[in-house]
Amino acid sequence: MGSAKKSSNTARQARIAEMRRAEEARSRRNRILTITLSALVVAGLVVGGVLVVRSQTGDSDGMESKGDGTKTSGKFVTGADGLRTWEGDLGRNHVTEKVTYPVEPPVGGDHNQVWMNCDGDVYTKPLNNENAVHSLEHGAVWVTYTDAAPKADVDKLAAKVKKTPYSLMSPDDKQKDPIVLSAWGHQRTVTGADDPNVDKFFEKFVQGEQTPEPGAACTNGLSQ
């Protein structure tokens, strides 16, 4: 009897030990599963966050350029009336770097995600091209001038800009001609504020057919 009882106790202890080992194994598996699932959730949140940021800051194709101009190609073609039209591709990616544009002032291409305010805004200091190009994308006309432009013409043009939504004006001593008018994909030189081509350019290109994003805001952007 004693031997039988001892054998029974030993078997019971063995079963208990086996159950404990099984329980510990299940606990380890559960911990590993929990850690793995947590890691997958975190990874999913990170990837999702990146995609959201890209969708908010990218452009229509969702791609971001490094500002190397690879999305812009082509050249100006000058019409009989002196209007220069860009024939080729103009990049529209949002970038954080400086962009080397093929013309000065630029008429399109990759640009900063923040536009310059262009609700009849007249600036007295040169603008970052990357911000001004975004304004052109919204359908603005950009008037630029050098120190060679007569003050009377600069004042008249400033008055016109101030009463014209979707336009902006700033000095640009890097351009070749004293007074230049630019829109997305289009540009021309004018002789002065009274040049009839000024009104023609504004009428055609302020929120004109060339606008990549018609109706986009010209306020709540960047200002000097």
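Quick caveat: nothing in here was measured; it's all calculated off a predicted structure.

## Things to note about the overall build of the chain
- The number of helices and strands found in the chain is four helices and seven strands.
- The linear arrangement of helices and strands in the chain, starting from the amino end, is α-β-β-β-α-β-α-β-β-β-α.
- Looking at the 224 residues of the chain, the share that counts as buried comes to 41%.
- Surface exposure of the chain reaches about 13,100 Å², of which carbon and sulfur atoms provide 55%.

## A few points about the sheet that holds strand β3 (residues 119–122)
- Strand order across the open sheet formed by seven strands is β1-β2-β7-β6-β4-β5-β3, with mixed pairing between neighbours. Of all strands in the sheet, those with a lone pairing partner are β1 (73–78) and β3, marking the two edges. For this sheet, the mean inter-axis angle between neighbouring strands, taken without regard to orientation, is 20°.
- Across two bridges, strand β2 (residues 84–89) lies against strand β7 (residues 186–189) in antiparallel orientation. Directly across from R84, in β7, lies its bridge partner Q187.

## Notes on the packing of helix α3 (residues 151–162) against helix α4 (residues 196–205)
- Where α3 contacts α4, the axes come no closer than 13 Å and their chain directions differ by 20°. The orientation of α3 with respect to α4, classified from their angle, is roughly parallel. Seen from above, α3 lies across α4 with right-handed handedness. Each of L157, K160 and V161 in α3 lies in contact with α4, whose residues at this interface are V198, D199 and F202.
- The class makeup of the residues in the contact of α3 with α4 is four nonpolar, no polar and two charged.

## Points about helix α2 (residues 129–137)
- Counted residue by residue, α2 has nine buried out of nine residues, so it is predominantly covered.
- Inspection of α2 places N129, E130, N131, A132, V133, H134, S135, L136 and E137 among the buried residues, and these make up the whole buried set.
- Looking at the buried residues of α2, the elements they touch are β4 (141–145), β5 (167–171) and β6 (179–183).
- One or two residues past the end of α2 sits G139, with phi positive at roughly 100°.

## Considerations on the pattern of salt bridges
- Overall, the coordinates contain six salt bridges when judged by the stated rule.
- Notably, a salt bridge pairs K98 with E130, separated by 3.2 Å at the nearest N-O pair. Here the residue K98 occupies a position in the loop between β2 and β3, and E130 occupies one in helix α2, the gap between them amounting to 32 residues.
- Note on E130: relative accessible area 5%, which makes it buried.
- The closest approach of N and O atoms between D199 and K160, which form a salt bridge, is 2.8 Å. You can see D199 sitting in helix α4 and its partner K160 sitting in helix α3, a full 39 residues away along the chain.
- The class of D199 is partly exposed, set by a relative accessible area of 38%.
- Put simply, R92, E137 and E213 are held in one network by salt bridges that share partners.

Rules and cut-offs
Residues numbered from 1 in each chain as written. Predicted model: local features only at pLDDT ≥ 70, side-chain atom pairs only at ≥ 80, totals over all residues. Heavy atoms only, no water. Helix = DSSP H or I, 4+ residues; strand = E, 2+ residues; numbered from the N terminus. Buried < 20%, exposed > 50% of the residue type's maximum accessible area, 1.4 Å probe, protein only. Areas by Shrake-Rupley, 256 points an atom, 1.4 Å probe, with all protein chains shown as cover. Pairing = 2+ DSSP bridges. Axes fitted to C-alpha atoms, helices over the stretch in contact; angles between N-to-C directions. Parallel < 35°, antiparallel > 145°, perpendicular 65-115°, else oblique. Left-handed = near helix turned anticlockwise from the far one by under 90°. Contact = heavy atoms within 4.5 Å. Nonpolar A, V, L, I, M, F, W, Y, C, P; charged D, E, K, R; others polar. Salt bridge = Lys/Arg side-chain N within 4 Å of Asp/Glu carboxyl O.

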